[in-house]
Amino acid sequence: MKKIFSTSAAVACLLVSCGDSKMTNSYAEEDKAEEDSAEAFIGDTIHLFDEDVPPVAADMLFSDFFFNFIDDPKFQAQRVVMPLPIRDGDEVSYLNKGQWKSMNHFLENDYYYVIFEREEDLELQKDTSLTHVAIEWYNLAESEVDKCNFDRSHGRWMLHDIVRKRIQDTPNANFLDFYTRFVTDSVFQRESITQPIKLVLIPDDGESEPEERYVDADEWMEMKEDFPLESKMLVNMNYGQTCISQNRKTLMLEGISNGMLTTFRFAKDGEQWRLTEIEY
């Protein structure tokens, strides 16, 4: 826009030097009208990008909202109820804006997990009628979980409160107790995979048939670094999926805007959980 203004000004100056005052006034009026129109357009554009919320579509699917929430600190600040209630048993405390910034994990992670039991529960991610989703931050070392409760009302997702619990008081306690040891104890991990373990490679084109191969414990121990399994803070996206079985769990790792997608399938063999299959 600056080039347009400078060019118009140059034309006006040229006409003045020729001594045609009528034509000069005519161009000056057009130039003023053009500037007013441009300023109005710029003002509208600035207003558009300074909207308090992204387009309505960003609130339809929770995953779309969540990506905006973790990517844009300004937007995030607008979608957290302040002061934010923190419920720990019968005790309730409140976080103000400054305190929220100091404990905010949402701007740090580039992937999350979904713990589920039934494949059909994955369809919940595409359900635009959901009004409640929880992001569960499992601190594996401390055996604690912060459950961040998001609710949608009047078409807007908001973080309404955080509920703190011991992992042992959650539906996934038995599995997470196993998982914590699995990712921190290499000897236990070797004992807790099927022999051999099945790997399923999903082609990027989405059309070719998946490739299957099997690896033994030694191969797995060499290649496991290529299959990230969080050992400190496991972030679970809880859409309301079924959580009643103590014999089968699937842990899906999904990247945020980076295309990462890896699925770990676990099954209980008697009293022993085992990693049975990896799909990537």
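See above for the structure.
1. Re the nonpolar core
Core analysis: the biggest nonpolar cluster contains 31 residues, and Tyr179, Phe182, Trp220, Leu251, Phe266 and Leu275 have the highest contact counts within it. Looking at this core, the elements with two or more residues in it are strand E3 (111–116), helix H6 (173–184), strand E7 (193–201), helix H8 (217–223), strand E10 (248–255), strand E11 (261–269) and strand E12 (272–279). Sort the elements by how many residues they give to this core and H6 lands first, with 6 residues. Residues within four places of Tyr179 in sequence aside, it is in contact with Tyr113, Leu140, Leu229, Glu230, Leu234 and Leu251. Formed by 30 residues, the second largest nonpolar core is a distinct cluster that contains Phe116, Leu124, Val133 and Trp137.

2. Some points on the environment of Ser186
Mapping Ser186 onto the fold places it in helix H7 (residues 186–191). Here Ser186 falls in the partly exposed class, since its relative accessible area comes to 39%. Considering only alpha carbons, one finds Ser186 and Met221, 35 residues apart in sequence, at a separation of 8.3 Å.

3. Examining the pairing of strand E5 (residues 144–153)
Examined bridge by bridge, strand E4 (residues 132–139) and E5 share 8 bridges and lie antiparallel to one another. In the sheet register, Trp137 faces E5, and the bridge partner there is Asp146. Remark: 4 residues form the turn of the hairpin made by E4 and E5, two consecutive strands paired antiparallel; Ser143 in that turn has positive phi of roughly 55°. Where E5 and strand E6 (residues 156–166) come together, 10 bridges link them in antiparallel fashion. By the bridge assignment, Asp146 is partnered in E6 with Arg164. The hairpin formed by E5 and E6 contains 2 residues between the paired strands, and His154 there has a positive phi angle of roughly 55°.

4. Some remarks on the pairing of strand E1 (residues 84–88)
Side-chain direction in a regular strand flips from residue to residue, so the side chains alternate between the two faces of the sheet. Here E1 runs beside strand E2 (residues 91–95); their pairing, made up of 5 bridges, is antiparallel. Each residue of the ladder has a partner; that of Arg87, found in E2, is Val92. The loop that links E1 with its antiparallel partner E2 comprises 2 residues; one of these, Gly89, has a positive phi angle of about 65°.

5. Considering the side chain of Gln189
Tracing the backbone through its elements, the reader meets Gln189 in helix H7. The contacts of Gln189, once residues within four sequence positions are left out, are Phe182, Val183, Trp220, Met221 and Lys224.

6. Notes on the side chain of Asn236
Position of Asn236 relative to the elements: it lies in strand E9 (residues 233–238). For Asn236, a relative accessible area of 2% gives the class buried. Separated by 2.8 Å, the side chain of Asn236 and the backbone nitrogen of Ile115 make a polar contact. Side chain to side chain, Asn236 and Glu136 meet in a polar contact 2.7 Å long. Sequence-distant contacts of Asn236, that is, excluding residues within four places in its chain, are made with Tyr113, Val114, Ile115, Ala134, Ile135, Glu136, Tyr138 and Gln241.

7. Observations regarding H6
With 12 residues, H6 extends 17 Å between its outermost C-alpha atoms, agreeing within 8% with the 16 Å of an ideal straight helix rising 1.5 Å per residue. By the burial criterion, the buried members of H6 are Ala173, Phe175, Leu176, Phe178, Tyr179, Phe182 and Val183.

8. Looking at the pattern of salt bridges
Taken as a whole and judged by the stated rule, the model has 16 salt bridges. With a closest N to O distance of 2.8 Å, Arg190 and Asp218 form a salt bridge. Taken as a pair, Arg190 in helix H7 and Asp218 in helix H8 lie far apart in primary sequence, 28 residues in all. When its relative accessible area of 36% is taken as the criterion, Arg190 is described as partly exposed. Glu279 is the salt-bridge partner of Arg265, the closest N and O atoms lying 3.4 Å from each other. With a gap of 14 residues between them, Arg265 in strand E11 and Glu279 in strand E12 connect regions that are remote in the sequence. For Arg265, a relative accessible area of 16% translates into the label buried. Overall, the relative accessible area of 24% leaves Glu279 in the partly exposed class. The structure contains a network of salt bridges with shared partners spanning Glu119, Lys198, Glu212, Arg265, Glu277 and Glu279.

How each quantity is defined
Residues numbered from 1 in each chain as written. Predicted model: local features only at pLDDT ≥ 70, side-chain atom pairs only at ≥ 80, totals over all residues. Heavy atoms only, no water. Core = buried A, V, L, I, M, F, W, Y, C linked by side-chain atoms within 4.5 Å. Buried < 20%, exposed > 50% of the residue type's maximum accessible area, 1.4 Å probe, protein only. Helix = DSSP H or I, 4+ residues; strand = E, 2+ residues; numbered from the N terminus. Contact = heavy atoms within 4.5 Å. Pairing = 2+ DSSP bridges. Polar contact = N/O pair within 3.5 Å; in protein donor to acceptor, adjacent residues only side chain to side chain. Expected span 1.5 Å × (residues − 1). Salt bridge = Lys/Arg side-chain N within 4 Å of Asp/Glu carboxyl O.

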